[in-house]
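So you can see what is in the structure, the chains are spelled out below.
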Amino acid sequence: MSLDAVHKARYRYRQTERGAAVVANSVWRAAARIGLSDWFNTMRVPLTDMLTWIRKPWPDVMLRLLETFSGAPLFGPVVNRYFARYGSV
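Sequence positions are assigned chain by chain, starting from 1 and proceeding in written order. Local features in this predicted model are restricted to residues of pLDDT 70 or higher, and side-chain atom pairs are both shown and tallied only at a pLDDT of 80 or more, whereas totals for entire chains, interfaces and linings draw on every residue. Excluded from the side-chain calculation are hydrogens and water; included are all heavy atoms of the structure.

**Some remarks on the overall build of the protein chain**
The helix count covers DSSP runs of H or I at least four residues long, the strand count covers runs of E at least two residues long, and both are numbered beginning at the N terminus. Along its length, the protein chain carries four helices and zero strands. Secondary structure of the protein chain in N-to-C order comes out as α-α-α-α. At 19 Å, the protein chain has a C-alpha radius of gyration far larger than the 12 Å of a compact globule built from 89 residues. Referenced to the eigenvectors of the C-alpha coordinate spread, the extents of the protein chain come out at roughly 60 × 25 × 20 Å. Where accessible areas are quoted, they stem from the Shrake-Rupley method and a 1.4 Å probe; at the residue level, only the protein chains shown are allowed to cover. If you sum the accessible surface of the protein chain, you get close to 7,800 Å²; carbon and sulfur atoms cover 65% of it. In this count, Lys and Arg are taken as positive residues and Asp and Glu as negative ones, while His and the chain termini are left out. Here the site of a charge means atom NZ of a Lys, CZ of an Arg, CG of an Asp or CD of a Glu. Across the protein chain, the 13 positively charged side chains and the 6 negatively charged ones have centroids separated by 8 Å. Throughout, the radius of gyration refers to the C-alpha atoms, and the reference size of a globule is 2.2 Å times the residue count to the power 0.38.

**Notes on the environment of alanine 20**
Of note, alanine 20 is situated in helix H1 (residues 3–33). Expressed as a C-alpha distance, the spacing of alanine 20 and isoleucine 34, which sit 14 residues apart in the sequence, is 21 Å.

**Considering the confidence of the model for the protein chain**
Detailed conclusions should not be drawn from predicted coordinates in areas where pLDDT is low. The predicted model of the protein chain has a mean per-residue pLDDT of 78, with 93% of residues at 70 or higher. pLDDT is a per-residue confidence score from the predictor, ranging from 0 to 100. Per-element confidence in the protein chain is highest for H1, whose mean pLDDT is 83, and lowest for helix H4 (residues 76–86), whose mean pLDDT is 76.

Written as structure tokens, this is what we have:
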């Protein structure tokens, strides 16, 4: 796995976040037009809490995966260089 693949994954993740924000805004505008904005605002808080709860453990999961695969022949050197360079950040 090269650093380019990591950059691409980060780019795709950010693209997905922006796309989700666009969809949420579109749904909110549609709900406002048909008179469901109060319902949408009521549902937004639990949905946001749920998505935050789902997203919270991902950094730990990714760190565990990196630690697990750091001994692999092709993946290990990349991980070790990454931690040597960015470990303190």
